[in-house]
Every structure is written in structure tokens, then in C-alpha cells.
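What follows is each chain in one-letter form.
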Amino acid sequence: MLGRYDVIVVGAGHAGSEAAAAAANLGSSVLLITMNMTTIAQMSCNPAMGGIAKGQIIREIDALGGYSGHVTDRTMIQFRMLNRSKGPAMWSPRSQNDRMRFSWEWRKMLEQTPGVDFRQDMVKEILTRDNRVVGVKTVMGLEIPAHSVILTNGTFLNGIIHIGTKQFSGGRIGEQASTGLTRQLNSLGFISNRMKTGTPVRVDGRSLSFERMEEQKGDPVPGKFSFLDQPHLEYQRSCYLTYTHRGVHDILRKGFNDSPLFSGRIEGIGPRYCPSIEDKIERFSQRSRHQLFVEPEGWDTVEYYVNGFSSSLPEDIQYEALKLVPGFEKVKIFRPGYAIEYDYFPPLQLKSTLETKRIENLYFVGQINGTTGYEEAAAQGIMAGINAHLKIHGMAPFILSRSQAYIGVLIDDLITKGVDEPYRMFTSRAEYRILLRQSNADLRLTPLSYQIGLAGEERMERVRKKKELINHLIRLLEQTSLQPDDINGLLRERGSREIGQRAKASTLLLRPGITIQDLLSFRPDPVPTDTDDSIYKECLEEAEITVKYNAYIERERETAGKLARLDEMTIIPDLDFRSLNALSFEAREKLTKHRPETIGQASRISGVSPADISVLAVYLGH
């Protein structure tokens with residue numbers, strides 16, 4: 001028989017894997033329960049990690065001591081830094097990955113993590129006593145006791161797969177759905193609803209004409225996600241870009257009568273920012289074409305993922321339409337696209353630690369909260385794993401604010417605003433983008449993680465060295481003065497105005513087109529002799545950003561500091577908002593529904609005005 005665990009994690013997707021790793025690495029005994037041991041951290045949709053804002057999240061997870069960055073780097077087949085033409089707040093790393101190696105690497109890392117046990121089974125019931133979780137019950141009849149339980153069920157809760165008029169139960173195609181748990185959670189007082197997501201067709205690369213598409217190569221010098229040393233990517237696989245056209249759209253429209261999306265057979269809410277191809281041609285009928293990204297699934301496979309062709313239309317319609325796409329004239333389909341509908345629990349039922357408000361020591365993480373994306377799920381996973389460990393060991397919770405991390409923005413959005421469609425992270429959701437750069441995630445978060453015991457000494461020492469070197473480089477710029485004869489040749493070459501008298505290097509760096517390396521080339525000793533090359537490159541970039549954008553950075557820090565004070569003002573847990581007649585009627589209703597933990601959270605709820613916040617602050621004596 002299995003003994004009592006500190007933490008039971010239900011589901012081994014990206015959320016469950018990060019949760020199990022974090023709790024175990026902090027010292028908890030962990031049981032990871034999954035219905036299929038061969039699909040741990042499976043990339044159910046596209047074989048890629050990162051992207052706009054999502055790349056920042058993976059770097060934050062890595063900075064905290066999570067595994068996603070390591071696994072991504074070790075299984076990468078292409079790397080690109082997106083948005084390089086924009087400011088550094090928008091730079092976002094993205095990789096293509098080997099789908100099969102990704103899952104295997106995650107499993108290997110978890111198996112090598114002391115404190116993680118595994119069980120292939122399905123959880124059908126949460127065991128509770130006096131509104132506190134005490135374990136789980138599985139379909140095989142086992143009752144396993146635990147101090148805390150983290151649910152990361154993904155799309156498996158009562159999942160239904162749709163392909164045209166066909167529909168069948170499943171959490172992913174070829175895998176059974178999880179049943180019974182929603183009903184039991186509803187009986188405990190939790191509110192659930194339905195959401196929908198979809199995945200595109202997979203095709204045989206041998207049947208494609210890549211010469212008819214636009215090749216998309218990786219960066220000439222590929223980067224990485226983890227701040228620790230990782231193997232260098234010496235060779236990269238290309239992706240390809242092609243487009244639909246009106247002829248393709250006409251074929252797709254033939255299947256609309258059989259589309260579960262338009263017929264009403266799908267009740268769940270679909271993602272606005274990653275719609276199906278049929279949804280795109282219906283909503284954006286004025287567009288004559290849509291992009292399709294053709295992405296390899298790995299190093300040693302001919303399977304390709306057609307990003308942008310998510311569909312729940314009948315398979316014959318998908319096939320007929322695809323054959324009209326340039327490069328797909330002889331296409332062979334491995335697997336049609338499909339939609340999946342599943343249960344989720346609106347995240348207003350959660351605390352900022354992702355613990356449920358209704359049942360103590362029970363945590364909801366990932367798509368069960370209405371989010372979409374591997375990165376968003378993994379971010380919630382590591383935070384729930386951390387907080388489950390801290391809670392059962394009587395320690396203070398670990399909460400990241402909106403000015404500290406994209407992870408903080410994600411969780412705060414979920415618990416204060418809720419979701420009315422699958423939640424996806426964007427840089428536009430963050431108020432402090434210049435503070436939350438992908439390049440400084442380790443400087444922001446590793447010291448915090450080190451304090452609670454998750455980030456290790458090696459990681460922390462690297463951050464110390466990086467910080468010291470950045471400060472050293474900035475001091476050099478501030479201490480270096482250049483004569484007109486020294487610098488004017490370079491300024492002319494870069495199309496910048498010449499100087500007539502001595503100028504500090506730090507001032508010249510503010511000019512467009514002038515880099516830190518240009519200016520440090522005038523110094524005989526820009527860097528200590530024992531500096532690691534990989535750290536030096538990171539530090540050069542970070543020092544340049546710090547100097548060039550210092551005014552913006554300081555302005556955001558000042559604004560964040562003012563707003564942070566609101567998040568330090570706590571609200572009495574059982575406060576009766578309806579009794580505060582000085583609040584507007586809408587504020588009383590919204591605050592009663594959302595039950596914010598702080599005045600800062602209350603201020604971010606739609607419908608709660610600044611006047612309402614002032615009333616609350618006065619009433620609570622803040």
C-alpha cells in the first residue's frame with residue numbers, strides 16, 4: 001500500500017510536471033498520478049515552446065529553478081528570438097522542439113528527482129475532511145492519503161473530441177477522458193463550465209513540396225532558454241510558410257453545415273487568439289488568405305504540424321482544402337485536425353497561491369483554470385508546487401507581483417478578472433514590460449527562489465557574477481570619456497552627429513545605432529580576465545539595455561512601487577461587502593463574487609472604481 005504523501009499531483013502535463021518537480025526539490029514527498037506514463041509533458045498541440053510573452057514565462061520558470069528551460073534547450077531543433085526589430089521589452093525567445101524527445105527528457109528529469117514517485121491510474125475523487133483535502137481515490141480503488149493535492153487535469157475532464165459530425169470521448173485523440181471528478185467537485189460546491197480548444201492536421205513531410213513555400217530558418221547564432229549552461233545547437237531544422245487562398249476557403253465553407261463549431265454541438269468557449277481555420281474565414285471573411293506555418297515534429301521524423309490549420313471540420317473537407325494550399329498538392333494526412341471540449345473551473349475560486357478558497361490544501365493548475373498553452377500551464381505548476389510545499393510546512397506563501405514577473409501577471413489576471421475564453425499570455429497584458437524582460441528573469445527571480453530553497457547555489461552564484469559584471473560594465477561606461485578625434489569616425493560611419501568636445505561613453509550609448517561594444521572597444525580592459533564568455537555576452541546586452549532605457553526603467557519602478565502598496569493592504573477574509581453601503585452597487589456585487597485578498601486585487605476588478613477603493617481603504621483602516 002502507498003503511504004501518506006506531502007503532495008499528490010494529478011496529471012503529468014506541463015503543469016503537473018513542474019508542480020511535482022518544484023515540490024520535490026523543496027523537500028516534499030510527491031506522488032505524480034497520470035493515466036499514461038508514456039505521455040509525460042506531452043506536446044499535445046504544436047511542437048514549440050516560447051513565443052510572444054510565453055518565452056519570457058519559460059525564462060522565469062527557469063530562473064526559479066524549474067525544468068522547462070532545461071528540457072526545451074536539450075530537445076530544441078530550431079531557435080528564434082522574435083521581435084528583435086522592436087525594443088528589448090518585446091524580445092521573445094521561441095523554439096521548435098522534438099516532440100518525442102521533449103516528453104522523454106521530461107520523464108528522465110522527473111525520474112532523476114529524489115522524492116518523486118509515479119502511479120499510472122485515474123483519480124476519480126478528492127478525499128476531504130472538514131473542508132480540507134486529505135487524499136485521493138482512484139478508479140482502481142486505492143485511497144491514497146496526502147497533505148495536499150494539485151489538480152492539473154488539462155483537457156481530460158469529461159473531454160469530448162469533435163471531427164465533423166463525429167464525436168467521441170477522449171482527453172486527447174487516442175486517450176481516454178477523465179470522468180467522475182467534475183461531478184464530485186461540483187458536489188463540494190465548486191462551479192464548473194465548458195471550454196473548447198483545437199489542434200491542426202498532422203501531415204507526411206515526404207508528400208509536401210517545400211520549394212513552393214517560404215523557408216524560415218532559425219537564428220544564425222541560436223540562443224537558449226536556461227540561464228545555466230546547456231548544449232549548443234549546432235544544426236537547425238527549417239520551418240516553412242505558405243498561405244491559404246479563396247479557393248481553399250470555398251472548400252472549407254462546404255463543410256460548415258457539418259461543423260460542430262457552427263451547428264451548436266460544441267458548447268464550450270473557444271480561444272479568440274488561436275481560432276480554427278473555419279472560424280478565421282468566417283470572422284475575417286474580407287481576408288483573401290491566411291498564413292500556415294509548416295513545422296517539423298522532430299529530428300528523425302517526417303511528420304509535420306500545420307500551424308494555423310486547426311479545424312473540427314470533416315476529414316474529407318480538411319483533405320480537399322489542404323490539397324489546394326501551395327506545396328500541399330500531394331499531401332498525405334497522418335491525423336486530421338480536431339476540436340476538444342472539456343470541463344474547467346473558473347479561477348475566481350482560487351487564492352493567489354492557486355489554492356482553492358473552498359477546500360484547504362487543494363490546488364487547481366493549468367487548463368482546469370481556463371488557460372491555454374504549455375507555458376501558462378507550467379508557470380502555474382511551479383507556483384502551486386512551491387506553495388503546496390510551503391503551506392504544509394507552515395511557511396509563508398510565495399507570491400509574485402505584477403511588477404516582478406509575467407507569472408505574477410498571469411495568476412493575478414486569473415484570480416481577479418476570471419476568464420470568459422481560454423486565457424493566453426501576451427506582452428500587452430503586463431503594465432511593466434520594460435521591467436519584465438526575458439533577459440533579466442534570473443536577476444529578478446533567482447534571488448527570491450534561492451531564499452525559499454528552490455534555486456540552487458550554482459544558479460545563485462551565476463546570478464551574483466552576472467550582476468557584478470553588469471555593474472562593472474556600466475561603471476566603465478560612466479568613467480570613460482572620449483575625445484572627438486577618438487569617436488567621430490565611428491559616429492560618421494553610423495550616421496550619428498559628431499561631437500565637438502569630450503563626451504562620456506554612457507551618454508553616447510543613448511544614441512541610436514551605437515552599441516556598448518563600439519564604446520568598450522576604446523578601453524584596453526573592458527572585462528575581468530576570468531569571466532565566462534557565455535555570461536559576458538548576456539552581461540553586455542543587459543548593461544546596454546540598462547543604460548539605454550534607464551529613464552523608462554526608473555519610471556516603471558516608481559509606478560510599480562506606488563501600486564505595490566495597495567497589494568500590501570489586506571482585506572478581512574469574511575468581510576461582508578454587501579453591508580458597505582458607501583460602495584457602489586456594482587462594486588458590492590463584484591467584490592462579493594471575486595473575494596479579493598488585497599485592496600490591490602480589488603482595484604483590478606472590472607466595475608470597482610477608484611472611489612470604491614478609497615471607501616474600502618478607509619473602512620479597513622489602511
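Coordinates for the structure precede this section.
A few points on the structure. (Residues numbered from 1 in each chain as written. Predicted model: local features only at pLDDT ≥ 70, side-chain atom pairs only at ≥ 80, totals over all residues. Heavy atoms only, no water.)

**Focus: the overall build of the protein chain**
In step 1: Each helix and strand counted, the protein chain has 21 helices and 21 strands in total.
In step 2: What you see for the protein chain is a C-alpha radius of gyration of 26 Å, in line with the 25 Å of a compact globule of 622 residues.
In step 3: The dimensions of the protein chain, computed from C-alpha atoms along their principal axes, are 80 × 70 × 50 Å.
In step 4: Taking all 622 residues of the protein chain together, the buried fraction comes to 58%.
In step 5: Considering only contacts in the protein chain between residues 6 or more positions apart, those separated by 24 or more positions represent 73%.
In step 6: Accessible surface, the protein chain: about 26000 Å² in total, of which carbon and sulfur atoms supply 48%. (Helix = DSSP H or I, 4+ residues; strand = E, 2+ residues; numbered from the N terminus. Rg over C-alpha atoms; globule rule 2.2 N^0.38 Å. Buried < 20%, exposed > 50% of the residue type's maximum accessible area, 1.4 Å probe, protein only. Contact = heavy atoms within 4.5 Å. Areas by Shrake-Rupley, 256 points an atom, 1.4 Å probe, with all protein chains shown as cover.)

**Some words on the environment of Phe 522**
In step 1: Structurally, Phe 522 can be placed in the loop between α16 (516-520) and α17 (533-548).
In step 2: Leave out the neighbours within four places in its chain, and Phe 522 touches Leu 482, Asp 486 and Ile 487.

**Observations regarding the sheet that holds strand β4 (residues 76-82)**
In step 1: Pairing is antiparallel in the open sheet, where three strands are placed in the order β3-β5-β4. The open sheet has two edge strands, β3 (48-50) and β4, and neither has a second partner. Neighbour to neighbour, the strand axes of the sheet diverge by 20° on average, direction disregarded.
In step 2: Relative to strand β5 (residues 92-97), β4 is paired through six bridges, and the arrangement is antiparallel. Bridge pairing links Met 76 to Asn 97 in β5. (Pairing = 2+ DSSP bridges. Axes fitted to C-alpha atoms, helices over the stretch in contact; angles between N-to-C directions.)

**Considerations on the packing of helix α6 (residues 246-253) against helix α9 (residues 315-322)**
In step 1: Where α6 contacts α9, the axes come no closer than 9 Å and their chain directions differ by 170°. Taken together, the axes of α6 and α9 lie roughly antiparallel to each other. Along its contact with α6, which presents Val 248, Ile 251 and Leu 252, the element α9 presents Ile 317, Glu 320 and Ala 321.
In step 2: Looking at the contact of α6 with α9, its residues break down into five nonpolar, no polar and one charged. (Parallel < 35°, antiparallel > 145°, perpendicular 65-115°, else oblique. Nonpolar A, V, L, I, M, F, W, Y, C, P; charged D, E, K, R; others polar.)

**Comments concerning the pairing of strand β16 (residues 303-310)**
In step 1: With eight of eight residues buried, β16 is to be regarded as a mostly interior element.
In step 2: Across four bridges, the pairing between strand β12 (residues 193-204) and β16 is antiparallel. Within β16, the position partnered with Asp 204 by the bridge is Glu 303.
In step 3: Both strand β15 (residues 291-296) and β16 contribute to a ladder of four bridges, which runs antiparallel. Paired with Val 294 across the two strands is Val 306, which belongs to β16.

**Remarks on the pairing of strand β8 (residues 132-138)**
In step 1: Buried residues dominate β8, accounting for five of its seven residues.
In step 2: Of the pairings in the sheet, the one linking strand β7 (residues 123-129) to β8 comprises six bridges and is antiparallel in character. In the strand pairing of β8, Glu 125 is matched with Lys 137.
In step 3: Hairpin connection between β7 and β8: a loop of two residues separates the two successive antiparallel strands, and Asp 130 in this loop has a positive phi of roughly 55°.
In step 4: Where β8 and strand β9 (residues 143-151) come together, three bridges link them in antiparallel fashion. Considered in β9, the bridge of Val 136 is made with Ile 144.
In step 5: Following β8, the chain reverses through four residues before pairing antiparallel with β9; Gly 141 in that reversal takes a positive phi of roughly 90°.

**Looking at helix α10 (residues 374-392)**
In step 1: Across its 19 residues, α10 extends 27 Å between first and last C-alpha, which sits within 8% of the 27 Å expected from 1.5 Å per residue.
In step 2: Counting buried residues in α10 gives 17 out of 19 residues, a clear majority hidden from the surface. (Expected span 1.5 Å × (residues − 1).)

**Points about the nonpolar core**
In step 1: Core analysis: the largest hydrophobic core is formed by 104 residues, its most contacted members being Ile 8, Ile 126, Val 149, Leu 151, Leu 362 and Ile 407.
In step 2: Residue contributions to this core peak at ten residues, all from α10.
In step 3: Apart from the residues within four sequence positions on either side, Leu 151 is in contact with Val 10, Ile 126, Leu 181, Leu 185, Leu 362, Tyr 363, Phe 364, Val 365 and Ile 368.
In step 4: Counting 25 residues, the second largest nonpolar core, distinct from the first, contains Ile 487, Leu 490, Ile 499 and Leu 509. (Core = buried A, V, L, I, M, F, W, Y, C linked by side-chain atoms within 4.5 Å.)

**Side note on α6**
Quick reminder: α-helices carry 3.6 residues per turn. Residues three or four places apart thus point the same way.
In step 1: Among all positions of α6, only Val 248, His 249, Ile 251 and Leu 252 are buried. Viewed end-on, α6 has its buried residues packed into an arc of 160°, placing them on one side of the element. (Arc of directions from axis to C-beta.)

**Side note on unusual backbone geometry**
Most peptide bonds take the trans configuration, and most residues that are not glycine carry a negative phi.
In step 1: With a phi close to 65°, Asn 83 is a non-glycine residue in the positive phi region.
In step 2: Tracing the sequence through the fold places Asn 83 in the loop between β4 and β5.
In step 3: In the Ramachandran plot, Asp 130 falls in the positive-phi region, its phi being about 55° despite a non-glycine side chain.
In step 4: For Asp 130, the location among the structural elements is in the loop between β7 and β8.

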